[in-house]
Amino acid sequence: MTKLCREVWIEVNLDAIKKNLRAFHHYIPNKSKIMAVVKANAYGHGAVEVARHALEHGASELAVAGLEEGIILRKAGIKAPILVLGFTPLKCVKEASAWNIELSAFQVDWIKKANEILEKEAVSSRLAIHINVDTGMGRLGVRRGEELLAIVEALTASKFLKWTGIYTHFSTADEPDTTLTRLQHDKFISFLRYLKNQGIELPTVHMNNTAATIAFPEYSADMIRLGIGMYGLYPSEYIKQLNLVKLIPALSLKARIAYVKTMITEPRTISYGATYIADLGEIIATLPIGYADGYSRELSNRGFVLHDGRRVPVVGRVTMDQIMVSLGEGDGKQGDEVVIYGRQKGAEISVDEVAEMLDTINYEVVSTLSRRIPRFYIRDGEILKVSSPVLYV
Ligand SMILES: *Cc1c(COP(=O)(O)O)cnc(C)c1O
């Protein structure tokens, strides 16, 4: 195992990701493919390793937020189709073509100009385009049927673009009230029907994210875009309670105690602002994780970690690179392993629990884990490899 000199790390259980993919594979119709959403460094899990592993275990395509994320995957040798979900400015169309990365588009003008740019470059292959239809997300996407038809016509007429997909995105699929999801679905289907009525043959149709896949597997169409569920997290408590797909969280966050002291001498103040004063004889441990790692400062005097299978509280403010936890009267020593997110000796601190404490969602908790934390990948119970831009000694 690689030697860490700042002892905090993430363990990504690739076996869990494989099982989660398998669970979705069995749950959706046979004809529906899986696009693994690996944007934001695979929700903090590490894009290259997750992408490779997902492609080996049931995913056939990948999605990223921006072109740069796609290029990182290509540079790592990944050959599968990659779709950019976000907006790509025309100045980047050339690079998308060079790296064979599919783009989302929803404006006639953009399509025509993109074609002209590629024509000038005299590229040899066509750039693949998925049309994004806005049925209620209100973010990106074409909103009217006539406009959609014009885009399809412009795409069909173009020599340097090819139309490979059409999709929409649900805004409330994780909620108990399914009204808007059904409305969005029906609106999308009516757009598709309108195109078909013009004699147009449709490319790959996709709409379901994790929540919609679980709540509406019948909407899985040609492909689902699977994000959070692949990582073993549920999009919401409601979706979890449906109890329809069993998921295993893939990520754990761990550290080793850097220092332990018993507070027998004054002062007994802990961290910036001296917001915590330890009891006489209280045992305080210091851990090498802080808000710059994505461990929120909001967890000051609120968070917990696991030590020896026991929950111990964060005391004082979270600093940039370190926190203190109180072991109470329990013993602990330098080098002891603590679990910040995950399981230890039957106890668990879940990402969901931390998200709730922070008044946010599990997506934010994992995707904001800093790149400076090394990631260890575990396959068949063994540590496979380390990925990190940080230096190893
Ligand atoms: C992020 C994203 C997804 C994946 O959503 P999950 O809830 O993580 O499954 C799918 N489609 C689009 C357009 C997205 O932006």
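Here is what the cut-offs are and how they apply
Residues numbered from 1 in each chain as written. Predicted model: local features only at pLDDT ≥ 70, side-chain atom pairs only at ≥ 80, totals over all residues. Heavy atoms only, no water. UniProt positions renumbered as here; feature names shortened; annotations may be inferred. Helix = DSSP H or I, 4+ residues; strand = E, 2+ residues; numbered from the N terminus. Buried < 20%, exposed > 50% of the residue type's maximum accessible area, 1.4 Å probe, protein only. Contact = heavy atoms within 4.5 Å. Areas by Shrake-Rupley, 256 points an atom, 1.4 Å probe, with all protein chains shown as cover. Lys, Arg positive; Asp, Glu negative; His and termini not counted. Charge placed at Lys NZ, Arg CZ, Asp CG, Glu CD. Salt bridge = Lys/Arg side-chain N within 4 Å of Asp/Glu carboxyl O. Expected span 1.5 Å × (residues − 1). Polar contact = N/O pair within 3.5 Å; in protein donor to acceptor, adjacent residues only side chain to side chain. Near = heavy atom within 4 Å. Nonpolar A, V, L, I, M, F, W, Y, C, P; charged D, E, K, R; others polar. Core = buried A, V, L, I, M, F, W, Y, C linked by side-chain atoms within 4.5 Å. Domains from an automatic or database assignment.

As named in an unreviewed UniProt entry, the protein chain is Alanine racemase, taken from Bacillus changyiensis. The UniProt entry for the protein chain carries the following comment under Catalytic activity (unreviewed entry): "L-alanine = D-alanine".

Caption draft 1: Quick peek at the overall build of the protein chain. If you tally the helices and strands in the protein chain, you get twelve helices and 21 strands. In terms of overall dimensions, the protein chain has a C-alpha envelope of 80 × 45 × 40 Å along the principal axes. The 393 residues of the protein chain split such that 52% are buried. The contacts in the protein chain between residues at least 6 apart in sequence include a share of 67% that link residues at least 24 apart. For the protein chain, the exposed area adds up to about 17900 Å²; of that, 50% sits on carbon and sulfur atoms. With 47 positive and 45 negative side-chain charges, the protein chain shows a separation of 4 Å between the mean positions of the two kinds.

Caption draft 2: Focus on the pattern of salt bridges. Scanning all chains against the criterion turns up 19 salt bridges. One salt bridge connects E348 with R343, and the closest N-O pair in it is separated by 3.3 Å. Residue class for R343 comes out exposed when judged on its relative accessible area of 56%. A network of salt bridges, in which partner residues are shared, links E7, E11, K254, R256 and E337.

Caption draft 3: The arrangement of helix 7 (residues 145–157) in detail. With 13 residues, helix 7 should reach 18 Å at 1.5 Å per residue; the first-to-last C-alpha distance of 18 Å fits that figure. Of the residues making up helix 7, those classed as buried are G145, L148, L149, I151, V152, A154 and L155. Tucked into the core, helix 7 has its buried residues touching helix 6 (108–121), strand 6 (127–133), strand 7 (161–168) and helix 8 (179–197).

Caption draft 4: Structural context of the side chain of E102. Position of E102 among the secondary structure elements: in strand 5 (residues 102–105). Despite its burial, E102 remains without a salt bridge, the nearest opposite charge being carried by K162 at 6.5 Å. A distance of 2.5 Å separates polar atoms of two side chains, one belonging to E102 and the other to H130. Among all residues touching E102, those that are not within four sequence positions of it are P81, I82, L83, V84, A128, H130 and T164.

Caption draft 5: Expanded view of helix 1 (residues 14–27). Taking 1.5 Å per residue as the helical rise, helix 1 with its 14 residues ought to reach 20 Å, and the 20 Å between its terminal C-alpha atoms agrees with that figure. Those residues of helix 1 that fall on the buried side of the exposure criterion are L14, D15, A16, I17, N20, L21 and F24. With a side-chain oxygen lying 3.0 Å from the backbone nitrogen of D15, the N-terminal cap of helix 1 falls on N13.

Caption draft 6: Fine view of the site of the ligand. Neighbouring the ligand are the residues V37, K39, Y43, L85, R139, H169, N209, T210, R225, G227, I228 and Y363. One nitrogen or oxygen atom from the side chain of R139 is found 3.1 Å from an oxygen atom belonging to the ligand. Here an oxygen atom of the ligand and a backbone polar atom of I228 are 2.8 Å apart. Here the ligand, which alone exposes 390 Å², has 93% of that area covered by the protein. Here the shell around the ligand is built from residues that sort into five nonpolar, four polar and three charged.

Caption draft 7: Focus on the environment of L251. Within the secondary structure layout, L251 lies in strand 10 (residues 251–256). Judged by its relative accessible area of 7%, L251 falls in the buried class. Each C-alpha atom, one on L251 and one on E11, is 5.8 Å from the other, the two residues being 240 residues apart in sequence. When neighbours within four sequence positions are excluded, L251 is seen to be in contact with I10, E11, G44, H45, Y341, V366 and L369.

Caption draft 8: Here's a closer look at the nonpolar core. Within the largest apolar cluster, 120 residues are counted, with the highest numbers of intra-cluster contacts made by V38, L73, I131, I166, M230 and Y341. Residues from two domains meet in this core; each of domain 1 (14–241) and domain 2 (251–349) gives at least three. Sequence-distant contacts of L73, defined by excluding residues within four places in its chain, comprise V38, A47, V48, A51, L62, V64, I78 and I82. In terms of nonpolar packing, the next biggest core, distinct from the first, is built from six residues, I270, A278, I284 and V315 among them.

Caption draft 9: Main features of the environment of Y259. Tracing the backbone through its elements, the reader meets Y259 in strand 11 (residues 259–262). When its relative accessible area of 43% is taken as the criterion, Y259 is described as partly exposed. Linking Y259 and S190, residues 69 residues apart in sequence, is a C-alpha distance of 63 Å. Those residues within four positions of Y259 in sequence are excluded, and the remaining contacts are I284, A285, T286 and Q334.

Caption draft 10: Expanded view of the UniProt feature "active site" (unreviewed entry) in the protein chain. Cross-referencing UniProt, the feature "active site" (unreviewed entry) maps to K39 and Y272 in the present numbering. A maximum C-alpha distance of 34.9 Å shows the annotated residues, which cover 234 residues in sequence, to be distributed over more than one spot. Tracing the backbone shows K39 in helix 2 (residues 39–43). Filtering out sequence-adjacent residues up to four positions away, K39 remains in contact with A63, V64, A65, E69 and L85. By the secondary structure assignment, Y272 is in the loop between strand 12 (269–270) and strand 13 (276–277). Excluding residues that lie within four positions of it along the chain, Y272 makes contacts with R317 and T319.

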